[in-house]
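Overview (structure and organization)
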Amino acid sequence: MRKLSTIAAAVIFSSSALAQNCELTDDVTTISSVQGEATQSPLLEDTVTVTGIVTADWSQPEKLKGFFLQSLNDHQDDNPLTSEGLFIQASNNIRSVTAGTIVKVTGTVSEENNLTQLTDTSRFYECGTVDLPEPVDLILPFSSQQQAETVEGMRVTVSGQQPLTISGHYQFPRHGFFDISAGRLWTPSQIAEPGSAARALAASNRLNRLQVDDNSNQRPQPLPYQNLFHGPNNSLRSGASLAPITGILSQYSDSYRLQPTTELQLSERSKITPIQPKRAGQLRIASFNVLNYFNGNGQGAGFPTERGAKTVAQFKRQQDKIVAALDALNADVFGLMEVENDGFDENSAIQQLVDALNQAQDIPYAISQPQSERVGDDQISVAIIYNKDRLKPANHAKTIEKGPFQWGSRVPLAQIFTDKESKQQFTAVVNHFKSKGGCPEDGVNANQRDGQACWNALRVESAERLTAWVKQEQMPNPILLGDFNAYYMEEPMQYMTANGYQNVSSARDYSYVYDSQAGSLDHILVPNELSKNVVRVQHINFNADEPRLYDYRDPQYYQPNPYRSSDHDPLLIDLDWRSSGK
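The following paragraphs examine the structure supplied in this document. As the structure is a computational prediction, the values presented were derived from the model and not from experiment. (Residues numbered from 1 in each chain as written. Predicted model: local features only at pLDDT ≥ 70, side-chain atom pairs only at ≥ 80, totals over all residues. Heavy atoms only, no water.)

Each helix and strand in the chain was counted, giving 10 helices and 29 strands. Contacts in the chain between residues far apart in sequence, at least 24 positions, make up 71% of those at least 6 positions apart. Working note: accessible area of the chain is about 23800 Å², and carbon and sulfur atoms make up 44% of it. Seen as two clouds, the 49 positive and the 67 negative side-chain charges of the chain have centres 8 Å apart. (Helix = DSSP H or I, 4+ residues; strand = E, 2+ residues; numbered from the N terminus. Contact = heavy atoms within 4.5 Å. Areas by Shrake-Rupley, 256 points an atom, 1.4 Å probe, with all protein chains shown as cover. Lys, Arg positive; Asp, Glu negative; His and termini not counted. Charge placed at Lys NZ, Arg CZ, Asp CG, Glu CD.)

Here we take up the sheet that holds strand β8 (residues 164-168). Overall, mixed pairing links the nine strands, which are arranged β6-β7-β12-β13-β10-β9-β8-β11-β14 in an open sheet. At either end of the open sheet lies a strand with only one pairing partner, and these are β6 (136-140) and β14 (266-268). Relative to β14, strand β11 (residues 241-242) runs antiparallel, the two sharing two bridges. Note that in β14 the partner of leucine 242 across the bridge is leucine 266. (Pairing = 2+ DSSP bridges.)

Counting across every chain of the model gives two disulfides. At a sulfur-sulfur separation of 2.0 Å, the disulfide partner of cysteine 22 is cysteine 127. Sign of the S-S torsion, about -90 degrees for the bond between cysteine 22 and cysteine 127, identifies this disulfide as left-handed. Of this pair, cysteine 22 sits in helix α1 (residues 16-22) while cysteine 127 sits in strand β5 (residues 115-129), placing them 105 residues apart in sequence. When its relative accessible area of 1% is taken as the criterion, cysteine 22 is described as buried. Accessibility expressed as a relative area gives 0% for cysteine 127, which makes it buried. Here cysteine 439 engages in a disulfide with cysteine 454; their sulfurs sit 2.1 Å apart. Taking the sign of the S-S torsion, -70 degrees for the link of cysteine 439 and cysteine 454, the bridge is left-handed. Separated by 15 residues along the polypeptide, cysteine 439 in the loop between β22 (425-432) and α9 (456-472) and cysteine 454 in the loop between β22 and α9 bring together distant segments of the chain. For cysteine 439, a relative accessible area of 41% gives the class partly exposed. Disulfide partners in the chain, listed by the sequence order of the bonded cysteines, are 1-2, 3-4. (Disulfide = S-S within 2.5 Å. Buried < 20%, exposed > 50% of the residue type's maximum accessible area, 1.4 Å probe, protein only.)

Taken as a whole and assessed by the stated rule, the structure comprises 19 aromatic pairs. Taken together, Phe172, Phe178, Tyr225 and Phe229 form an aromatic cluster joined through their ring pairs. A cation sits over an aromatic face here: arginine 257 above phenylalanine 177, 4.5 Å from the ring centre. The aromatic ring of tyrosine 558 is capped on one face by arginine 317, whose charged end is 5.9 Å from the ring centroid. (Phe/Tyr/Trp six-rings, centres within 6.5 Å; stacked < 30°, edge-to-face > 60°. Lys NZ or Arg CZ within 6 Å of the ring centre and 35° of its normal.)

This part is about helix α6 (residues 196-207). Look at α6: 17 Å from first C-alpha to last across 12 residues, which is about the 16 Å you get at 1.5 Å a residue. Here α6 has its buried residues at Ala198, Leu201, Asn205 and Leu207. Buried residues belonging to α6 abut β6, α3 (145-149), α5 (188-191) and β26 (517-519). (Expected span 1.5 Å × (residues − 1).)

Time to look at the pairing of strand β4 (residues 101-112). The element β4 is largely enclosed, with a buried count of 11 among its 12 residues. As judged from the seven bridges shared by strand β1 (residues 47-58) and β4, these two strands associate in the antiparallel manner. By the bridge assignment for β4, threonine 47 is matched with threonine 108. In terms of strand pairing, β4 meets β5 through 10 bridges, oriented antiparallel. Across the sheet, residue threonine 101 finds its bridge partner in β5, namely threonine 129. Between the antiparallel neighbours β4 and β5 lie two residues, among them asparagine 113 with a positive phi of about 50 degrees.

Our next topic: the nonpolar core. Ranked by internal contacts, the top residues of the largest apolar core, which has 60 residues, are Leu336 and Ile479. The residues touching isoleucine 479, leaving out its near neighbours within four places in the chain, are Ile285, Phe426, Thr427, Ala428, Val429, Ile524, Leu525, Val526, Leu530, Ile573 and Leu575. (Core = buried A, V, L, I, M, F, W, Y, C linked by side-chain atoms within 4.5 Å.)

Leave glycine aside and you will find that most residues have negative phi; peptide bonds, for their part, are mostly trans. Cis geometry is adopted by the peptide bond preceding proline 141, which originates at leucine 140 and carries an omega value of 0 degrees. Here glutamine 221 and proline 222 are connected by a cis peptide whose omega angle stands at 5 degrees. A positive phi angle is found at asparagine 234, which is not glycine, with a value near 50 degrees. Its place among the elements puts asparagine 234 in the loop between β10 (210-212) and β11.

Below, the discussion takes up the packing of helix α7 (residues 312-329) against helix α8 (residues 349-360). Orientation of α7 relative to α8, taken along the N-to-C sense of each, is 60 degrees, at an axis distance of 10 Å. The angle between α7 and α8 falls in the class oblique. Seen from above, α7 lies across α8 with right-handed handedness. Taken together, the residues of α8 that come into contact with α7 (itself represented by Phe315, Gln319, Ile322, Val323, Leu326 and Asp327) are Gln352, Leu353, Ala356, Leu357 and Ala360. (Axes fitted to C-alpha atoms, helices over the stretch in contact; angles between N-to-C directions. Parallel < 35°, antiparallel > 145°, perpendicular 65-115°, else oblique. Left-handed = near helix turned anticlockwise from the far one by under 90°.)

Before going further, it helps to spend a moment on the sheet that holds strand β3 (residues 85-89). Around the barrel, which closes on itself, the five strands sit in the order β1-β2-β3-β5-β4 with mixed pairing between neighbours. Neighbour to neighbour, the strand axes of the sheet diverge by 55 degrees on average, direction disregarded.

Moving on: the pattern of salt bridges. In this structure the tally under the stated criterion is 20 salt bridges. Aspartate 515 is the partner of arginine 209 in a salt bridge, and the nearest nitrogen-oxygen pair spans 3.3 Å. Of this pair, arginine 209 sits in the loop between α6 and β10 while aspartate 515 sits in the loop between β25 (512-514) and β26, and the two are 306 residues apart along the sequence. With a shortest N-O distance of 2.6 Å, arginine 536 and aspartate 574 are connected by a salt bridge. Placement of arginine 536 in strand β28 (residues 534-539) and of aspartate 574 in strand β29 (residues 571-575) is noted, with a sequence separation of 38 residues between them. Each of the two residues, arginine 536 as well as aspartate 574, counts as buried. Through salt bridges that share partners, Lys278, Asp332, Arg390, Asp419 and Glu421 make up one connected network. (Salt bridge = Lys/Arg side-chain N within 4 Å of Asp/Glu carboxyl O.)

Before going further, it helps to spend a moment on the side chain of serine 565. Tracing the sequence through the fold places serine 565 in the loop between β28 and β29. A polar side-chain atom of serine 565 sits 2.7 Å from the main-chain carbonyl oxygen of proline 562. The contacts of serine 565, once residues within four sequence positions are left out, are Phe288, Val290, Lys321, Ile322, Ala325 and Asn543. (Polar contact = N/O pair within 3.5 Å; in protein donor to acceptor, adjacent residues only side chain to side chain.)

What follows concerns the environment of leucine 466. Secondary-structure assignment places leucine 466 in helix α9. Since its relative accessible area comes to 0%, leucine 466 is described here as buried. Not counting the four nearest positions on each side in its chain, leucine 466 is found in contact with Phe405, Pro412, Val429, Asn431, Phe433, Leu480, Phe484 and Met496.

Here you go:
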């Protein structure tokens, strides 16, 4: 511990008694000694006295209930592994303090949510004012977690090796913080092979993320950082980039957090994907997970439902957003996932959706039905709706309920169509493979820690059984689409692309943002020989970049547009049978 005998000459004392209280005697401990070289203070539960410059004050009860303190320049050690910043928890004997004030404070060293701080403060003196210390330049990604720890509690300016990007905002409506990174973060198994490559990217992602907080401990109302809002919902969209940010580096649990002290500035908006118009003669096929579209009993009652809307008013808003999205996509065939599995009569969910869609626009859509009353026995099912002016179905839709489709993956639905314009036949095969949740503790379907999460073996089996079924049934020009719950580089997708199919997307396309990482669970695969007929592929970013607050549930933020109509983005392709000379 460094022993300090006097405060810097810049301090202005108000009286001789104050000067005596502000003297740096042998009982003063340096902030760097409190922080130590490890993630946890070596002086935990000790009572210490520290002095330093207040760099930011959020002592109010609705804020962080404390302020940050940083060592005077002359009192810093020469150890790059120790931080010179510290959080001081407010108490009854500490009033608000102004940034730039030098204070001397006594309290107990503690670690709360992994943030080193002083609590139970007993003595507190203001000892004059000085200029704020210059912020430390901090560049994402961190070289190590230790790098962040060495500036915990200090004033920093954060920039990135790539533009600072809003990578996720799941907690933004509830807790007021969002994640930033240097460039967009990708789900490891979207762009890296499962196993060591995916694990390495996951480790890299952990060093390339930082929470930006709103300096509050309450649910934000109104939402903070509205100068960053943009887009159709005027919202905080992921994918946007920011100018460098100055603030205090804090920590909460295992995440490092920036408490800004200057206004944030948007440097580039999140890209809004325009929907390219379908050209004459082309056929459009779309895949869209509609996130638990349940209509109660279909007559305005039966709410709350098992999934989806809790009230009839919520359902009406949900339906309006989904219809707006379907209308904008203008597809001839829609493969839908997460529709209530309640049959096909006039009060069913799928019939009510088609009725609403047909009332909203001029294309007459119809439903592909299997011979069974329902599609499997899960609460949710896949569905196919089609433009009956353009397409003619061949008999009933087909299903398979064997193997992984008896339990786990939802029953797929296949419909053979004839394009009335070109006379060509094709098959829309809609899928929804087993999700990555509800992991077993052991066995082949447990999480193997290779980036594919749990139930991967079941999804691989689903891909094998699906492609075998399509071949056995001799389906013409089979187009496999849907929510496969597998990212681009994962084994189920690689199995299908190794066995006669081409994924129309690339590894840098995405339909979903989870844990601030982008990737695609939604895919369209065509037979290799049909790939030349695919003239356009579009990932329409209606949903994944939008905060969930803007869906149908909260009337304050709801807008009757396609944006945040679901949590998955729709994917569509345009086919031109003439492109390969057919």
